[in-house]
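Take a look at the letters that make up each chain.
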Amino acid sequence: MVSHSTLTLGPYPRGFHLITNEVFDAVRQWPEQGMLSVFMKHTSAGLCINENADADVRHDFELFFNRLAPEDFPGILHAIEGPDDMPAHIKSVLSGTAINIPVVDGQPALGTWQGIFLCEFRDRATPRKLIISIIE
Amino acid sequence: MVSHSTLTLGPYPRGFHLITNEVFDAVRQWPEQGMLSVFMKHTSAGLCINENADADVRHDFELFFNRLAPEDFPGILHAIEGPDDMPAHIKSVLSGTAINIPVVDGQPALGTWQGIFLCEFRDRATPRKLIISIIE
Amino acid sequence: MVSHSTLTLGPYPRGFHLITNEVFDAVRQWPEQGMLSVFMKHTSAGLCINENADADVRHDFELFFNRLAPEDFPGILHAIEGPDDMPAHIKSVLSGTAINIPVVDGQPALGTWQGIFLCEFRDRATPRKLIISIIE
């Protein structure tokens, strides 16, 4: 059995943001055993799981991704919405745009240091729509 | 309940290709609520979701991935099938090789600008086998 | 129906390691049709699927990831556990930390050349906890 709900978040400033609480609060009822899936309905923002404690980690991710896919990457054509447009598409593929978390004994089974990141890659983002799915 | 079908695509030329229609046509019946999963059975091609409208986006992805993992990357050993062999393996891990899309109210819930990409990283590819799974 | 088990692996030395057998042996019973999901409960190691035959491939992945996110990446702040700490977080997002494999006719439907990699990004790793889930 699969059930869905929609969660709208932000707009967030460009950068990596912890959204574990917002996602978990959107789950109406945890199954005893199941799988939580979160799906980003956009192509210039990402979803991934990483370290939830030190804000420097989010800073460093933003720094690294900007260096990897900079606004002035030579040869890029797609810039309809500005120079941050195509780098945002690239970064969202590299970070990923969906996550799955096992639900074990009625709880999401994240490791101690794991949190859910919303990766906002646009300078002037709009709110982001996520689909929260529970498989049980 | 999980059901599967196999979809063989291509061979495509090296590059990023929109395959949303081919994948959706391979689904015999959409459940009312469920999850669509697509799995690439190869290690030198990828699957990901990104912008479906502007062909420049696919051009730019190909450009970026080629720059990130070039054929002449120093120190690489694995070249059994030619200089595009190991870069193709690397790129497939970075792009991802499987996707999940929620099925909501009988339809795949892609965002307006989202499409499914087959990322062909080999110069002379063979047809690619995908497994299409429906969880309901 | 979803069922889970926990698998503890390693510690492995830094690098890419084939763990297909260990993961498959942890599945108590394969469903006739289903989905296998493997989830890494850590933020400095990864899980992905790639070429299972030539050890050079694992060597080349280690080389590539080290070059992409080196220990001396300028501007990085998070180094609580040493210079390999933040690069390990970055690499785990790029490699991915979870995989799904369709189970078709009672067997995991990996392609001929596909294997499961545990990507150990820390110099002195501890054992890694994975959650093995079967959806049927």
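Structure: see above.
Quick summary incoming for the structure in this document. (Residues numbered from 1 in each chain as written. Chains lettered and ligands numbered in written order. Predicted model: local features only at pLDDT ≥ 70, side-chain atom pairs only at ≥ 80, totals over all residues. Heavy atoms only, no water.)

## Overview of the overall build of chain A
Secondary structure summary: chain A contains three helices and eight strands in total. Ordered by position in the sequence, the α and β elements of chain A form the string β-β-α-β-β-α-α-β-β-β-β. Relative to the compact-globule value of 14 Å for 136 residues, chain A shows a C-alpha radius of gyration of 16 Å, a close match. Projected onto the principal axes, the alpha-carbon positions of chain A cover approximately 50 × 30 × 20 Å. Within chain A, buried positions represent 62% of all 136 residues. Within chain A, contacts between residues separated by at least 24 positions form 83% of all contacts whose residues are at least 6 apart in sequence. Entry remark: accessible area of chain A is about 5,200 Å², with carbon and sulfur atoms responsible for 50%. Counting 10 positive and 17 negative side-chain charges, chain A places the centres of these two groups 8 Å from one another. (Helix = DSSP H or I, 4+ residues; strand = E, 2+ residues; numbered from the N terminus. Rg over C-alpha atoms; globule rule 2.2 N^0.38 Å. Buried < 20%, exposed > 50% of the residue type's maximum accessible area, 1.4 Å probe, protein only. Contact = heavy atoms within 4.5 Å. Areas by Shrake-Rupley, 256 points an atom, 1.4 Å probe, with all protein chains shown as cover. Lys, Arg positive; Asp, Glu negative; His and termini not counted. Charge placed at Lys NZ, Arg CZ, Asp CG, Glu CD.)

## Remarks on the relation of the copies chain B and chain A
Taken as rigid bodies, chain B and chain A are interconverted by a rotation of 120 degrees and an axial shift of 0.0 Å, the fit giving an RMSD of 0.0 Å. Such a turn and shift between the copies fits a three-fold axis. For chain B, the smallest separation between a C-alpha atom and the rotation axis is recorded for leucine 94 of chain B, amounting to 3.4 Å. (Least-squares fit on C-alpha atoms with pLDDT ≥ 70 in both.)

## Quick word on empty space enclosed by the protein
Over the atoms, a rolled probe matching the size of one water molecule traces out where space is still vacant. Going through the model one piece at a time under the given rule, you end up with two cavities of 30 Å³ or more. What the largest cavity holds in volume is close to 790 Å³. Along the walls of the largest cavity sit 39 residues, with Gly96 and Ala98 of chain A, Ala98 of chain B together with Gly96 and Ala98 of chain C positioned nearest its centre. The residue inventory of the lining of the largest cavity, partitioned by class, reads 23 nonpolar, 16 polar and no charged. Looking at the second largest cavity, its volume works out to about 90 Å³. (1 Å grid on protein atoms, 1.4 Å probe; cavity = no way out; pocket = protein on both sides within 12 Å on 5 of 7 lines; lining within 4 Å. Points joined across faces, edges and corners; volume = space filled by probe spheres on them. Nonpolar A, V, L, I, M, F, W, Y, C, P; charged D, E, K, R; others polar.)

## Concerning the pattern of salt bridges
Applying the stated criterion to the full structure yields 18 salt bridges over all chains. Between aspartate 123 of chain B and arginine 14 of chain B there is a salt bridge; the shortest N-O distance is 3.0 Å. Linking aspartate 123 of chain B in the loop between β7 (114-120) and β8 (128-135) with arginine 14 of chain B in the loop between β1 (2-9) and β2 (15-18), this pair joins segments that are 109 residues apart in sequence. Classification of aspartate 123 of chain B by relative accessible area gives partly exposed; the value is 40%. Arginine 122 of chain B is the partner of aspartate 84 of chain B in a salt bridge, and the nearest nitrogen-oxygen pair spans 3.0 Å. Taken together, the residues span a long stretch of sequence, with aspartate 84 of chain B in the loop between α2 (55-68) and α3 (85-95) and arginine 122 of chain B in the loop between β7 and β8 at a distance of 38 residues. Residues joined by salt bridges that share partners form a network here, namely Arg14, Glu62, Glu71 and Asp123 of chain A. (Salt bridge = Lys/Arg side-chain N within 4 Å of Asp/Glu carboxyl O.)

## Quick notes on the relation of the copies chain B and chain C
Note on the copies: chain B fits chain C at an RMSD of 0.0 Å, the axial shift is 0.0 Å, and the rotation between them is 120 degrees. Both copies present different contact surfaces, since only 14% of the interface residues of chain B are interface residues in chain C too.

## Side note on the interface of chain B and chain C
Each partner contributes to the interface: chain B provides 28 residues, whereas chain C provides 32 residues. For the pair chain B and chain C, the interface holds zero salt bridges. Put simply, chain B and chain C have eleven residue pairs in polar contact (both at pLDDT 80 or more) between them. Elements with a contribution of two residues or more to the side of chain B that touches chain C: β1, β3 (34-40), α3 and β8 of chain B. Of all the elements, α3 of chain B adds the most residues to the side of chain B that touches chain C, at six residues. In the side of chain B that touches chain C, the residues fall into 17 nonpolar, ten polar and one charged. (Polar contact = N/O pair within 3.5 Å; in protein donor to acceptor, adjacent residues only side chain to side chain.)

## Digging into the packing of aromatic side chains
Inspection of the entire model under this criterion finds 30 aromatic pairs over all chains. A centroid spacing of 6.0 Å and a plane angle of 80 degrees characterise the contact between phenylalanine 64 of chain C and phenylalanine 65 of chain C, whose relative ring orientation is edge-to-face. Considered together, phenylalanine 64 of chain C and phenylalanine 65 of chain C belong to a single accessibility category, that of buried residues. Judged by centre distance (5.9 Å) and plane angle (25 degrees), the rings of phenylalanine 65 of chain C and phenylalanine 121 of chain C are stacked. Taken together, the residues span a long stretch of sequence, with phenylalanine 65 of chain C in helix α2 (residues 55-68) and phenylalanine 121 of chain C in the loop between β7 (114-120) and β8 (128-135) at a distance of 56 residues. Every member of this aromatic cluster is reached through a ring pair, and the members are Phe16, Phe61, Phe64, Phe65, Phe117 and Phe121 of chain A together with Phe73 of chain C. (Phe/Tyr/Trp six-rings, centres within 6.5 Å; stacked < 30°, edge-to-face > 60°.)

## Concerning the interface of chain B and chain A
Listed per partner, the contact involves 32 residues of chain B and 28 residues of chain A. Both faces considered, chain B and chain A share a buried interface measuring about 2,500 Å² in area, 70% of it formed by carbon and sulfur atoms. On inspection of chain B and its partner chain A, the count reaches zero salt bridges. For the pair chain B and chain A, the number of links is eleven residue pairs in polar contact (both at pLDDT 80 or more). (Buried area = accessible area lost by both parts, 1.4 Å probe.)

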